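In case you want the letters, here they are:
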Amino acid sequence: EKGTYPYYMLKEIDEQPYVIRNIISKYKDDSENIKLDEAIRQAVVESDRIYIIAAGTSYHAGLVGKQLLERIANKPTETHIASEFLYNMPLISENPLFIFISQSGETADSRGVLVNVKKMGHNTLTITNVPGSTLSREADFTLHTYGGPEIAVASTKAYTAQMAVLALLAVDAAKAAGIEMDFDPLQELAIVANAMETLTDQKETMEKIAREYLSVSRNCFFIGRAVDYFVCLEGALKLKEISYIQAEGFAGGELKHGTIALIEEGTPVIGVATQEHVNLSIRGNMKEVVARGASPCMISMAGFEEADDQLVIPHVHEYLTPLVSVIPLQLIAYYAALHRDCDVDKPRNLAKSVTVE
Ligand code: M6R
């Protein structure tokens, strides 16, 4: 039920703080530690490499998941687009774990890979919002994202929930492997939930950004570096999917190798900066596009902001910034679609779950 909300997408964006708090309570044991199935922990710890398989927004969560598993758990991880994997299979390590990320658990491209790697005898884990789904039933293990039903075609709360669960999985595996750390994901996710709320309370700002930058433009670029780049891919997908504005996410440093040719007077470029080590370099990339006439919209995290940034998001742990920086991008896409009279929940040519190859 969408209640007083005009669209499910807006309701689902607003639900994200609750989903994160729900994940915290479902994955916390009585002594405030991460509660996770021992068999799943072993599967991660004993694997020599993780292969994340997913499509669309879930693939974007998987890109962040790779970083979390590598940085936190020191586990080599690669993330693959499901529909490409079987046609362009990488070398598989000796003892791999395959992780399928899927909101619906029904995506045919991901299932195609699952069926094949099971035949090869590999361990499989599905991270899904629908535990009874095909991918969940057919994999060896399931982790539930506890997001509640996601109705809008554009995925929002599933994405942030997937990344939260991936962070817990990474920390749990790291601890089991004896890796010391001072990152407490349960505590840090609580801070994330509050930060999300601060942003969902600022809808007028996102509405204004959408109106100013996107009401007449044909295209839009999102640029970021490191993990911010992955969030840019997601921001661009959200915008094109529901507003039909041609949007692309780019790694800041890659622009000058071709794409900068597309920048003209007034082209909106949304920059994302949440990481200290890339803050200055992404700002340099923004200056390069401004010099070619772009209209810059800078979204930064508190601590890295500059006076003329359009939006400053609350500070959260560097591992978890995508869960927060994506909120304004979801809302900007929503308002851009609204301003263009698009059917936000049911964009043209798309289905909620893609059950054909
Ligand atoms: O149900 P899944 O997570 O497997 O779906 C994957 C994609 O089809 C999905 O994320 C799609 O890209 C969304 N419409 C994006 O908003």
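For the structure itself, consult the block above.
A brief structural summary. All figures in this text were calculated on a predicted structure; none of them were measured in a lab. (Residues numbered from 1 in each chain as written. Predicted model: local features only at pLDDT ≥ 70, side-chain atom pairs only at ≥ 80, totals over all residues. Heavy atoms only, no water.)

## Quick word on the environment of K287
- For K287, the location among the structural elements is in helix α12 (residues 276-291).
- On the basis of relative accessibility, which here comes to 62%, the residue K287 falls in the exposed class.
- When the C-alpha atoms of K287 and A337 are compared, they prove to be 28 Å apart, with 50 residues separating the residues in sequence. (Helix = DSSP H or I, 4+ residues; strand = E, 2+ residues; numbered from the N terminus. Buried < 20%, exposed > 50% of the residue type's maximum accessible area, 1.4 Å probe, protein only.)

## A look at helix α2 (residues 16-26)
- Along α2, the residues that are buried comprise Q16, P17, V19, I20, I23 and I24. Seen along its axis, α2 keeps its buried residues to an arc of 165°; they face one direction.
- For α2, the elements touching its buried residues are α1 (8-14), α8 (157-176), α9 (185-200) and α13 (321-339). (Arc of directions from axis to C-beta. Contact = heavy atoms within 4.5 Å.)

## Quick look at the packing of aromatic side chains
- Under the definition given, this model contains nine aromatic pairs.
- With a centroid separation of 6.2 Å and an interplanar angle of 75°, the aromatic rings of Y7 and Y334 are classed as edge-to-face. You can see Y7 sitting in the segment before α1 and its partner Y334 sitting in helix α13, a full 327 residues away along the chain.
- Every member of this aromatic cluster is reached through a ring pair, and the members are Y51, F85, F98 and F100.
- The ring of Y18 has R21 lying over it, and the distance from NZ or CZ to the ring centre is 6.0 Å.
- Above the face of the Y244 ring, R348 is positioned so that its terminal group lies 3.8 Å from the ring centre. (Phe/Tyr/Trp six-rings, centres within 6.5 Å; stacked < 30°, edge-to-face > 60°. Lys NZ or Arg CZ within 6 Å of the ring centre and 35° of its normal.)

## Concerning the nonpolar core
- With 97 residues, the main nonpolar core has I20, I23, I99, L143, F222, L239 and L323 as its most contacted residues.
- Per-element tally for this core: the top contributor is α8, with 13 residues.
- Sequence-distant contacts of L239, that is, excluding residues within four places in its chain, are made with L214, C220, F222, Y244, I245, A247, A333 and A336.
- By size, the runner-up hydrophobic cluster in this structure holds 13 residues, among which are I223, F250, I260 and M298. (Core = buried A, V, L, I, M, F, W, Y, C linked by side-chain atoms within 4.5 Å.)

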